[in-house]
Amino acid sequence: MKSTQYLSSDIISKVSNLSLKARLLVEGLIVGMHKSPYHGFSVEFSEHRSYNKGDEIRNIDWKIWGKTDKYFVKEYEEETNLLSHIILDQSKSMTYASNDISKLEYSKILSASLAYLMLKQQDGVGLTLFDSKIRSLIEPKSKSNHIKSLFSIMENTTPGSDTKIGDILHVSAESIKKRGLVILISDFFDDVESIVSGIKHYRYKGNEVIVFHVLDPKELNLSFDERTEFIDLETGESITTDPWHIQNDYNKKMIDFCKKLELNCKKNKVDYTLLTTNTPVEIALFDYLLKRQKIN
């Protein structure tokens, strides 16, 4: 069941308000989905104690009983709603667009939709915007009016300079005090080893991590038909060339780059999804959420 039955990309593109875009997109998706793939409770094991009359039998640790022939029950910390952190790249490379929408605008709609979805489920969601530094950091909250703060920050985002993704991820990971869900959204144009090191930091602290790798389609295949000047949006460096002279080598390097990032994510039990800006956000998000439901 495709989300296009409920709303079209034309409707989304004609709505200028980010809040309204997110609401239309998410409520269109929810119609076609039976349950949330995100909503859940964080139940953390605390300690064992001796079984007492009246305790729930389902909390007995049968492994300990098998070893000691004594009954112990597991105690858990108080259940709390899922806390999620959206980490969004606002560096200048994200402003590139070969079609009607830049990577940054695409990522903002994706971020807003995910935030709206999780707040609708009464889960907490926070937002971090970064380039070479963390520019904005909003802690996760689950109150319905929290969405206004998130949308306001995203709508007024000013693209930054270059980016040091690996360094930022380490700083961000240290700032998260309670484990939860981390959603990274970027073009990841940086050193892969450094990025993976930062992702591992989140995992080491017990967070689930989802990576959305957002690229423009022409960045994937260099499909330009004439002599072109290419400008690095972060450094300002430029080169003029006939794209077909370098296309094969470029495509190989780009495929290797994406595959290396994907394989390292899988190695560290991180959910990796490559998205291109010519795929309508509602289609990309619907397909991803459907896949995630099947996994869970």
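Here the structure is shown first, and the text comes after it.
Below is a short write-up of the structure. (Residues numbered from 1 in each chain as written. Predicted model: local features only at pLDDT ≥ 70, side-chain atom pairs only at ≥ 80, totals over all residues. Heavy atoms only, no water.)

**Some details on helix α6 (residues 165-175)**
One turn of the α-helix equals 3.6 residues, which is why residues spaced by three or four share an orientation.
So, point 1. All of the buried residues along α6 are I165, G166, I168, L169, S172 and A173. Projected down its long axis, α6 carries its buried residues within an arc of 155 degrees, all on one side.
So, point 2. Of the surrounding secondary structure, the elements contacted by the buried residues of α6 are β5 (83-89), β6 (124-130), β7 (134-141), β8 (181-186) and α7 (192-204). (Buried < 20%, exposed > 50% of the residue type's maximum accessible area, 1.4 Å probe, protein only. Helix = DSSP H or I, 4+ residues; strand = E, 2+ residues; numbered from the N terminus. Arc of directions from axis to C-beta. Contact = heavy atoms within 4.5 Å.)

**Here's the deal with unusual backbone geometry**
So, point 1. We note that D69 has phi near 60 degrees; this positive angle belongs to a residue other than glycine.
So, point 2. Among the secondary structure elements, D69 is positioned in the loop between α3 (62-68) and β3 (72-76).
So, point 3. Given a relative accessible area of 57%, D69 falls into the exposed group.
So, point 4. Even without a glycine there, the phi angle at F188 is positive, about 55 degrees.
So, point 5. Tracing the chain through its elements places F188 in the loop between β8 and α7.

**Section: the sheet that holds β8**
So, point 1. With mixed pairing, six strands are arranged side by side in an open sheet as β7-β6-β5-β8-β9-β12. Pairing within the sheet leaves two strands with one partner each, and these edge strands are β7 and β12 (271-276). Strand after strand, the sheet turns through a mean of 15 degrees between neighbouring axes, direction not considered.
So, point 2. When strand β9 (residues 208-215) meets β12, the two strands line up parallel, connected through six bridges. By the bridge assignment, V211 is partnered in β12 with Y272.
So, point 3. On top of the sheet, helix α4 (residues 103-120) reaches β5, β6, β7, β8, β9 and β12; it is set at about 170 degrees to β5, its chief contact.
So, point 4. Packed on one face of the sheet, α7 meets β5, β8 and β9 and runs near 150 degrees to β9. (Pairing = 2+ DSSP bridges. Axes fitted to C-alpha atoms, helices over the stretch in contact; angles between N-to-C directions.)

**Quick look at the side chain of S107**
So, point 1. Turning to its location among the elements, S107 is positioned in helix α4.
So, point 2. Within the structure, S107 has its side chain in polar contact with the backbone oxygen of K103 (distance 2.8 Å). (Polar contact = N/O pair within 3.5 Å; in protein donor to acceptor, adjacent residues only side chain to side chain.)

**Topic: the pairing of β8**
So, point 1. Here β8 lies mainly inside the structure; six of its six residues are buried.
So, point 2. What you see with β8 is no split at all: L181, I183 and I185 on one side and V182, L184 and S186 on the other are buried throughout.
So, point 3. Across six bridges, β8 lies against β9 in parallel orientation. Bridging across to β9, I185 finds its partner in F212.
So, point 4. Taken together, β8, α7 and β9 form a β-α-β motif whose crossover is right-handed. (Right-handed = clockwise from strand over helix to strand, strands pointing away.)

**A few points about the pattern of salt bridges**
So, point 1. The final tally for this structure, using the stated rule, is eight salt bridges.
So, point 2. The partner of K103 in a salt bridge is E219, with the nearest N and O atoms 2.7 Å apart. Pair noted here: K103 is in helix α4 and E219 is in helix α8 (residues 217-221), with a separation of 116 residues, a long-range link.
So, point 3. For K103, a relative accessible area of 0% puts it in the buried group.
So, point 4. Residues E262 and K259 are paired through a salt bridge, measuring 3.7 Å at the closest nitrogen-oxygen approach. Here K259 and E262 lie together in helix α9 (residues 243-267), a separation of three residues that amounts to about one turn.
So, point 5. Since its relative accessible area comes to 18%, E262 is described here as buried.
So, point 6. Judged by relative accessible area, K259 falls into the partly exposed class, the value being 46%.
So, point 7. One network of salt bridges, in which partners are shared, links K103, D187 and E219. (Salt bridge = Lys/Arg side-chain N within 4 Å of Asp/Glu carboxyl O.)

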